[in-house]
Amino acid sequence: IKHITIASFPIYVGIFIPAVMVRSIYVEDIIMYQGDFLHLSPILFTVPGIIGAIVYFVGYIAQLNDYPFTIAKAKGDLVEGGPLEYGAHARGNYYVLRGVWMFILSSLFVTLFFGIPPIVDFTSMLGISQLVMHVLLTFALPILVSILSAFGPILTFKQLYPVSFGFTAIGIFGVILAL
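Residues numbered from 1 in each chain as written. Predicted model: local features only at pLDDT ≥ 70, side-chain atom pairs only at ≥ 80, totals over all residues. Heavy atoms only, no water.

### Considering the environment of Ser149
Considering the arrangement of structural elements, one finds Ser149 in helix H7 (residues 140-151). Residue class for Ser149 comes out buried when judged on its relative accessible area of 17%. Sequence spacing of Ser149 and Pro68 is 81 residues, and the spatial spacing of their C-alpha atoms is 6.8 Å. Apart from the residues within four sequence positions on either side, Ser149 is in contact with Asp66 and Tyr67. (Helix = DSSP H or I, 4+ residues; strand = E, 2+ residues; numbered from the N terminus. Buried < 20%, exposed > 50% of the residue type's maximum accessible area, 1.4 Å probe, protein only. Contact = heavy atoms within 4.5 Å.)

See below:
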């Protein structure tokens with residue numbers, strides 16, 4: 001619980017930066033601020049947007065409990081025999097829900113920082129292309145997480161808190177810049 005609480009601060013600050021730039025907490029206003037699909041001016045390409053995206057990414061990794069924030073995750077080889085067999089459905093549900101959570105957080109990132117909402121509109125080519133672009137951009141964060149997981153270290157509790165608080169402080173600096 002302590003890990004989830006401390007590591008969640010960066011993602012909340014990262015979500016808050018586009019709202020401060022637009023001066024509205026409504027997602028529709030944040031999307032409209034960035035223009036329509038053919039004439040986008042994404043928040044990501046501003047200085048507070050870049051800071052917010054980096055802070056959001058660190059919080060994203062921490063929310064997924066992936067490397068380097070895998071302290072609380074148990075190792076699979078520690079569970080043997082009956083508990084592994086009888087708990088397979090729960091473990092499968094965990095991985096399915098983790099994938100759904102990964103997609104939701106990535107979709108939120110694309111919506112807030114690129115201004116491309118996940119609107120399903122099959123009546124026009126523009127609506128279809130907007131949905132396709134949203135889905136393609138949604139794959140960016142999981143790919144970056146997998147690269148970091150392959151080459152990144154595992155943080156200890158002594159390193160987790162300074163990293164989390166440091167990126168939270170960077171995010172607060174981004175909020176101040178967004179004002």
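### Thoughts on H7
Each α-helix turn comprises 3.6 residues. Residues three or four places apart therefore point the same way. The end-to-end C-alpha distance of H7, which contains 12 residues, comes to 17 Å, matching closely the 16 Å that a straight helix rising 1.5 Å per residue would cover. Each element contacted by the buried residues of H7 is listed here: helix H3 (47-64), helix H5 (88-114) and helix H6 (125-138). (Expected span 1.5 Å × (residues − 1).)

### Quick look at a nonpolar patch on the surface
Taken together, the side chains of Val132, Val135, Leu136, Phe139, Ile143, Leu144, Ile147 and Phe151 make up a nonpolar region of the molecular surface, amounting to roughly 800 Å² of accessible area. Those elements giving two or more residues to the nonpolar patch turn out to be H6 and H7. For the nonpolar patch, the leading source of residues is H7, giving 4 residues. Looking at Leu144, the relative accessible area reads 43%, which means it is partly exposed. (Patch = residues over 30% accessible without salt bridge, like charges linked within 9 Å, V, L, I, M, F, W, Y side chains within 5 Å. Areas by Shrake-Rupley, 256 points an atom, 1.4 Å probe, with all protein chains shown as cover. Salt bridge = Lys/Arg side-chain N within 4 Å of Asp/Glu carboxyl O.)

### Points about the packing of aromatic side chains
Taken as a whole and assessed by the stated rule, the structure comprises 6 aromatic pairs. Measuring from ring centre to ring centre gives 6.3 Å for Phe9 and Phe165, while their planes differ by 25°; the resulting arrangement is stacked. On the criterion of sequence distance, the pair formed by Phe9 in helix H1 (residues 2-22) and Phe165 in helix H8 (residues 157-178) is long-range, its members being 156 residues apart. Chaining the aromatic ring pairs together yields one cluster made of Tyr56, Phe109, Phe113 and Phe114. (Phe/Tyr/Trp six-rings, centres within 6.5 Å; stacked < 30°, edge-to-face > 60°.)

### Brief notes about the packing of H3 against H8
Remark: H3 packs on H8, axes separated minimally by 9 Å, with the N-to-C direction vectors making an angle of 155°. Between H3 and H8, the crossing angle belongs to the class labelled roughly antiparallel. The two elements H3 and H8 cross, and the hand of that crossing is left-handed. Where H3 abuts H8, its residues Val47, Pro48, Ile51, Ile54, Val55 and Val58 lie against Phe167, Ile170, Gly171, Phe173, Gly174, Leu177 and Ala178. Of the residues belonging to the contact of H3 with H8, the class tally is 11 nonpolar, 2 polar and no charged. (Axes fitted to C-alpha atoms, helices over the stretch in contact; angles between N-to-C directions. Parallel < 35°, antiparallel > 145°, perpendicular 65-115°, else oblique. Left-handed = near helix turned anticlockwise from the far one by under 90°. Nonpolar A, V, L, I, M, F, W, Y, C, P; charged D, E, K, R; others polar.)

### Section: the confidence of the model for the protein
Residues with a pLDDT of 70 or more make up 88% of the protein, whose mean pLDDT is 85. Within the protein, helix H2 (residues 27-33) carries the highest mean pLDDT (94), whereas helix H4 (residues 82-86) carries the lowest (64). (pLDDT = per-residue confidence, 0-100.)

### Some points on the packing of H3 against H5
The geometry of H3 relative to H5 is characterised by a closest axis approach of 11 Å and an angle of 175° between their N-to-C directions. The angle between the axes of H3 and H5 places the two elements in the roughly antiparallel class. Across from Gly49, Gly52, Ala53, Tyr56, Tyr60, Gln63 and Leu64 in H3, the residues of H5 making contact are Arg98, Trp101, Met102, Leu105, Ser106, Leu108, Phe109 and Phe113. Considered class by class, the residues forming the contact of H3 with H5 number 10 nonpolar, 4 polar and 1 charged.

### What about unusual backbone geometry?
Look at Arg23: it is not a glycine, yet its phi comes out positive at around 65°. Inspection of the secondary structure assignment puts Arg23 in the loop between H1 and H2. By relative accessible area, which is 59% here, Arg23 ends up exposed.

### Structural notes on H8
With 22 residues, H8 extends 31 Å between its outermost C-alpha atoms, agreeing within 8% with the 32 Å of an ideal straight helix rising 1.5 Å per residue. Within H8, burial applies to Leu160, Ser164, Thr168, Gly171, Gly174, Val175 and Ala178. Buried positions in H8, seen along its axis, are confined to an arc of 110° and lie on one side of it. Residues of H8 that are exposed and angled more than 90 degrees away from the buried face: Lys158, Pro162 and Ile176. (Arc of directions from axis to C-beta.)

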